[in-house]
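Here is how the chains run, residue by residue.
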Amino acid sequence: MHSIRVNLAENSYPILIGRSALETSFADGVWPDAEAVMIVTNEVVGPLHADSLRGMLAGRYPRVLELRLPDGEAYKDWETLNQVFQQLLINTCGRKTVLVALGGGVVGDMTGFAAACFMRGVPFVQVPTTLLAQVDSSVGGKTAINHPLGKNMVGAFYQPRLVVCDLSLLETLPARELSAGLAEVIKYGPIADMEFMAWLEQHIEALRAGDHTALAHAVRRSCEIKAHVVGVDERESGLRAILNFGHTFGHAIEAGMGYGTWLHGEGVGAGMVMAVELSHRLGLVDAAFVQRLRSLIERAGLPVRGPVIDAQDNAGRYLAWMRGDKKSEAGEIRFVLIDGPGRAVMRSAPDGVVREVIDACCA
Ligand code: NAD
Ligand code: GLY
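Just so you know, these numbers come straight off a predicted model, no measurement behind them.

Moving on: the site of ligand 1. Around ligand 1 sit 28 residues in total, of which Asp71, Glu73, Thr129, Thr130 and Thr172 are the nearest. A distance of 3.4 Å separates an oxygen atom of ligand 1 from a polar side-chain atom of Lys226. Summarising the interface, the protein chains cover 92% of the accessible area of ligand 1, which totals 860 Å² for the free molecule. Listing elements by their share of the shell around ligand 1, those giving two or more residues are α2 (45–58), α4 (105–117), α5 (131–137), β8 (150–157) and α6 (175–192).

What follows is the structure in structure tokens.
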């Protein structure tokens with residue numbers, strides 16, 4: 001098993017990565033002390049993986065509860081979040097309760113936000129079950145729910161006490177979801193590590209086939225990069241924004257199509273193509289790099305063209321969604337662009353150029 005530390009002074013924590021990381025984590029005694037533990041999962045992941053986790057938790061905590069939420073991005077909302085508070089209160093859970101997020105990014109983001117709010121903050125542990133969650137969303141403490149007017153608009157920075165990336169949990173993941181996770185893996189190359197991008201180009205088929213050795217390396221390198229970035233800039237006042245490469249366009253796709261129609265990773269896949277194309281049109285990278293990244297995204301099984309979200313004024317609708325992005329300043333959209341391979345930069349861009357990119361990159 002491999003361990004990576006997220007260094008955030010008193011909020012530091014380990015990320016454990018390995019094929020039997022869950023079992024090993026209990027032997028290692030890294031779980032926080034508590035009187036009760038509540039597994040928050042969903043109706044898809046619960047039947048697959050909750051029983052075995054329950055068994056392990058029963059050996060560690062006096063009281064083990066479980067809540068299965070409805071599945072999907074469309075349920076990353078107030079009503080579903082309130083079910084967590086409801087169950088905690090019905091079961092008279094107090095401050096000495098640990099929440100355990102067992103699921104993908106939706107369950108992880110909601111459980112983290114519930115932990116940040118319940119009794120003004122209780123500890124939580126991330127047990128990510130999608131590739132996307134193992135390489136990105138479970139690490140770094142961004143927790144949130146969606147609002148009809150924007151993605152992840154209501155939330156908190158709140159760090160988990162522990163992240164356990166057990167690779168065996170990925171064995172039940174559908175191929176489409178594995179590809180979606182690869183979008184968040186791929187992003188680390190162009191923004192931070194071209195050696196990793198070259199490695200991905202050589203191992204993308206092995207990753208899609210679920211090869212454990214390849215997955216272990218991809219999860220480990222992704223978490224190393226993310227842990228470093230979060231350690232430097234926890235609250236996204238600077239560097240952390242680079243992790244949103246492809247997300248400004250991607251969030252517009254997700255929201256514009258209706259949450260859950262395009263997977264988050266699919267939006268990021270097409271969004272990265274649009275962002276690197278914009279970088280090229282602003283003179284930051286050459287056409288060969290745009291093609292290289294597009295090809296890797298395509299080989300990962302991801303869309304490389306955005307959808308038409310408005311038949312009358314597609315570019316205008318994208319721009320409207322993107323102006324509401326959390327990175328926007330005074331209505332000006334701030335894009336994460338590639339400033340030469342392996343280097344990211346935050347910049348605004350003339351609307352005319354952004355329109356050209358959207359017109360060129362949408363189906
Ligand atoms: P998800 O949580 O919806 O999971 C994808 C699907 O796979 C769901 O249907 C889920 O039930 C199912 N699933 C999960 N694990 C499974 C398993 N092991 N076997 C079979 N099925 C399984 O989606 P996701 O892609 O994991 O996460 C996307 C979410 O993460 C978005 O809401 C996005 O905003 C958020 N996100 C957050 C951060 C962050 O830093 N907090 C970063 C990236 C993405
Ligand atoms: N996924 C982007 C971030 O954690 O900042």
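The next thing to look at is the pattern of salt bridges. Going through the model one piece at a time under the given rule, you end up with 24 salt bridges. Of the charged contacts in the structure, one is a salt bridge between Arg60 and Asp33, with a shortest N-O distance of 2.7 Å. Of this pair, Arg60 sits in the loop between α2 and β4 (63–69) while Asp33 is found in the loop between α1 (21–28) and β3 (36–42), placing the two residues 27 residues apart along the sequence. When its relative accessible area of 65% is taken as the criterion, Asp33 is described as exposed. Between Arg68 and Glu66 there is a salt bridge whose closest N-O contact spans 2.5 Å. Of the residues examined, Arg68 reaches a relative accessible area of 34% and is grouped as partly exposed. Of the residues examined, Glu66 reaches a relative accessible area of 21% and is grouped as partly exposed. What you see here is one network of salt bridges that share partners, running through Asp136, Glu184, Lys187 and Lys226.

On the secondary structure map, Leu178 appears in helix α6. The buried category is assigned to Leu178, whose relative accessible area is 8%. The spacing of Leu178 and Gly301 is 123 residues in sequence and 9.1 Å in space, taken between C-alpha atoms. When residues no more than four places from it in sequence are discounted, the contact partners of Leu178 are Leu131, Leu173, Leu207, Arg208 and Gly210.

For the rest of this paragraph, the subject is the packing of α1 against α2. Here α1 crosses α2 at 10 degrees, and the two axes come no closer than 11 Å. The angle between α1 and α2 places the two elements in the roughly parallel class. Residues Leu22, Glu23 and Phe26 of α1 touch α2, and the partners they reach there are Leu53, Met56 and Leu57. Taken together, the residues that form the contact of α1 with α2 break down as five nonpolar, no polar and one charged.

This paragraph deals with the state of the cysteines. As enumerated under the stated definition, the model contains zero disulfides in all. Its sulfur unpaired, Cys362 is 6.9 Å from the next cysteine sulfur, which belongs to Cys361. Classification of Cys362 by relative accessible area gives buried; the value is 7%.

A few words now on the sheet that holds strand β5 (residues 97–103). On the basis of which strands lie adjacent, the open sheet formed by seven strands has the order β1-β2-β9-β6-β5-β3-β4 and mixed pairing. Where the open sheet ends on each side, the last strands, each with one partner, are β1 (2–6) and β4. Between one strand axis and the next, the sheet turns by 15 degrees as a mean value, whatever way the strands run. Of the strand pairs in this sheet, β3 and β4 are connected by seven bridges, and their pairing is parallel. Bridge pairing in β4 places Val40 opposite Leu67. Contacting β3, β4, β5 and β6 (124–128), α4 runs over the sheet at an angle of about 165 degrees to β5.

On to the site of ligand 2. In the vicinity of ligand 2, the contacting residues are Asp136, Lys142, Lys187, Lys226, Glu236, Arg240, Leu243 and Asn244. Interatomic distance of 3.1 Å between a side-chain N/O atom of Asp136 and a nitrogen atom of ligand 2. Lys142 is positioned with one of its side-chain polar atoms (N or O) 2.8 Å from an oxygen atom of ligand 2. When ligand 2 is considered free in solution it has 200 Å² of accessible area, and contact with the protein chains removes 90% of it.

Our focus in this paragraph is the packing of aromatic side chains. One pass over the full model with this rule turns up four aromatic pairs. Over the aromatic face of Tyr61 sits the side chain of Arg60, whose NZ or CZ is 4.9 Å from the ring centroid. Sitting above the plane of the Tyr188 ring, Lys187 keeps its charged end 5.3 Å from the centroid.

This part takes up the environment of Val107. In this fold, Val107 is placed in helix α4. Not counting chain neighbours up to four residues away, the residues in contact with Val107 comprise Val40, Thr41, Asn42, Ala101 and Leu102.

A positive phi angle, close to 50 degrees, is found at Ala9, a residue other than glycine. Mapped onto the fold, Ala9 is located in the loop between β1 and β2 (13–18). The backbone of Met119 shows a phi angle near 50 degrees, a positive value even though the residue is not glycine. Relative to the elements of secondary structure, Met119 occurs in the loop between α4 and β6. Classification of Met119 as partly exposed rests on a relative accessible area of 35%.

Calculation criteria
Residues numbered from 1 in each chain as written. Chains lettered and ligands numbered in written order. Predicted model: local features only at pLDDT ≥ 70, side-chain atom pairs only at ≥ 80, totals over all residues. Heavy atoms only, no water. Near = heavy atom within 4 Å. Polar contact = N/O pair within 3.5 Å; in protein donor to acceptor, adjacent residues only side chain to side chain. Areas by Shrake-Rupley, 256 points an atom, 1.4 Å probe, with all protein chains shown as cover. Helix = DSSP H or I, 4+ residues; strand = E, 2+ residues; numbered from the N terminus. Salt bridge = Lys/Arg side-chain N within 4 Å of Asp/Glu carboxyl O. Buried < 20%, exposed > 50% of the residue type's maximum accessible area, 1.4 Å probe, protein only. Contact = heavy atoms within 4.5 Å. Axes fitted to C-alpha atoms, helices over the stretch in contact; angles between N-to-C directions. Parallel < 35°, antiparallel > 145°, perpendicular 65-115°, else oblique. Nonpolar A, V, L, I, M, F, W, Y, C, P; charged D, E, K, R; others polar. Disulfide = S-S within 2.5 Å. Pairing = 2+ DSSP bridges. Phe/Tyr/Trp six-rings, centres within 6.5 Å; stacked < 30°, edge-to-face > 60°. Lys NZ or Arg CZ within 6 Å of the ring centre and 35° of its normal.

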